[in-house]
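# Tertiary structure, described
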Amino acid sequence: MLTITAGLGGAAGDASTGWWVDSAMPLTVSKTKESPMFRSNTAMSYAGKVVAITGGARGIGYATAVALAGKGASVALGDLDGAEAQAAAGRLGVPAYGGQLDVGNRASFQNFISEVEQRLGPIDVLINNAGIMPLGRILLEEDGLTRKIIDINLHGPIIGTKLVAPMMAVRGGGHIINVSSAVGRVALAGAATYSASKYGLIGFTEAARAELRDSNIEVSCIVPMIVNTQLGAGLSTVRGQRTVEATDVADAIVRVIAKPRFETWVPFTGRLLYMLMSLIPHSWANAISRSVGAAHVLDHPDRGERGSYESTVRRLVGE
């Protein structure tokens, strides 16, 4: 296995430095003994592991925290709403930390990781779950909101990976899980920038997985369809697909931690629909999309039901 060593911004194990790799120092790659804890294609237990979850104050993030806490993991929750993240962490009943995190800001992400390592220990698993989905036609979307969507949904996971992967490699391995979306495979009208960010996240996951494989770091993506959370408020379910709960996605994440794989759809039937759409002419795929009610799911939401989420997300991101 390949291990990366580098000049660190302080003494090894100094919590005040957070084990940050100094980008000005050259990385040295050397062979080392593979850690059985993170050996590829073997089951990983949860007990005693430190898992950091972005966007962890509610929805999929919090449901995942509850599931992992029940398995004995120590859990850190980062969220733009730091007060809610702290309150959520306090309800878990295990060693936990909750704090403010702006994933699109490198300094904020670095400070969060430093706090986690100081309070709970080195991060074994990073779950990049934070995401926003303000809906609307692209020609009506403000430029500032476009940048926020990309910053949080795509730039955030890239920053997080850059920060934790070198530390994971030094310790012999780890796992990074990116929560994407079905519209990261099949784009829909009404959320062009959101679709682009989730397409990009799947591409980043695949490339990062290839780059980090020799360092024994797993990189996975979760691909949920419409989930019954605040983010999915006011959206109808695609015909033939069941409503997905946050706990369904959390259970999938727990399984992927135990047995890593690249891509996991929730529900699995969504992948079957995606594969069918990929094999037929685009005009046929569009016709099927319209017939099952997928074409307008994001373009014509229930604005009344969705109003609270839309106003909250704009307040949190400052738009």
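Description of the structure in this document.

This part takes up the overall build of the protein chain. Assigned secondary structure in the protein chain consists of 9 helices and 9 strands. By the burial criterion, 52% of the 319 residues in the protein chain qualify as buried. Of the contacts made within the protein chain by residues no fewer than 6 positions apart, 68% connect residues no fewer than 24 positions apart. Accessible area of the protein chain: about 14,100 Å², with a carbon and sulfur share of 55%.

Another point: the nonpolar core. The biggest cluster of nonpolar side chains holds 45 residues, and the ones touching the most others in it are Phe109, Phe112, Ile113, Val116, Ile217 and Leu298. At the level of elements, β3 (50–54), α3 (106–119), α4 (143–171), α5 (192–212), β8 (217–224) and α9 (303–317) are the ones that each hand at least two residues to this core. Ranked by residue count, the leading element in this core is α4, at 11 residues.

The next thing to look at is the pattern of salt bridges. Counted under the stated rule, the structure contains 9 salt bridges. As a salt-bridge pair, Glu310 and Arg306 come within 2.7 Å of each other at their nearest N and O atoms. A residue pair is termed a helical-turn pair when its members lie 3 or 4 positions apart in one helix, as Glu310 and Arg306 do in helix α9 at 4 residues. As far as the burial class goes, Glu310 and Arg306 line up, both buried.

Its 13 residues give helix α6 (residues 246–258) an end-to-end C-alpha distance of 19 Å, which sits within 8% of 18 Å, the value for a rise of 1.5 Å per residue. Buried within α6 we find Ala246, Val249, Ala250, Ala252, Ile253, Val254, Val256, Ile257 and Ala258.

A sheet is described by the order of its strands in space; here 7 strands give the open sequence β5-β4-β3-β6-β7-β8-β9, paired in parallel fashion. The open sheet has two edge strands, β5 (96–100) and β9 (263–266), and neither has a second partner. Between one strand and the next, the sheet's axes are offset by a mean angle of 15 degrees, whatever the strand orientation. Relative to β5, strand β4 (residues 74–79) runs parallel, the two being bridged by 5 bridges. Bridge pairing links Val75 to Ala96 in β5. Set on the sheet, helix α2 (residues 82–90) makes contact with β4 and β5; between it and β5 the angle comes to about 170 degrees.

The rules behind these values
- Residues numbered from 1 in each chain as written.
- Predicted model: local features only at pLDDT ≥ 70, side-chain atom pairs only at ≥ 80, totals over all residues.
- Heavy atoms only, no water.
- Helix = DSSP H or I, 4+ residues; strand = E, 2+ residues; numbered from the N terminus.
- Buried < 20%, exposed > 50% of the residue type's maximum accessible area, 1.4 Å probe, protein only.
- Contact = heavy atoms within 4.5 Å.
- Areas by Shrake-Rupley, 256 points an atom, 1.4 Å probe, with all protein chains shown as cover.
- Core = buried A, V, L, I, M, F, W, Y, C linked by side-chain atoms within 4.5 Å.
- Salt bridge = Lys/Arg side-chain N within 4 Å of Asp/Glu carboxyl O.
- Expected span 1.5 Å × (residues − 1).
- Pairing = 2+ DSSP bridges.
- Axes fitted to C-alpha atoms, helices over the stretch in contact; angles between N-to-C directions.

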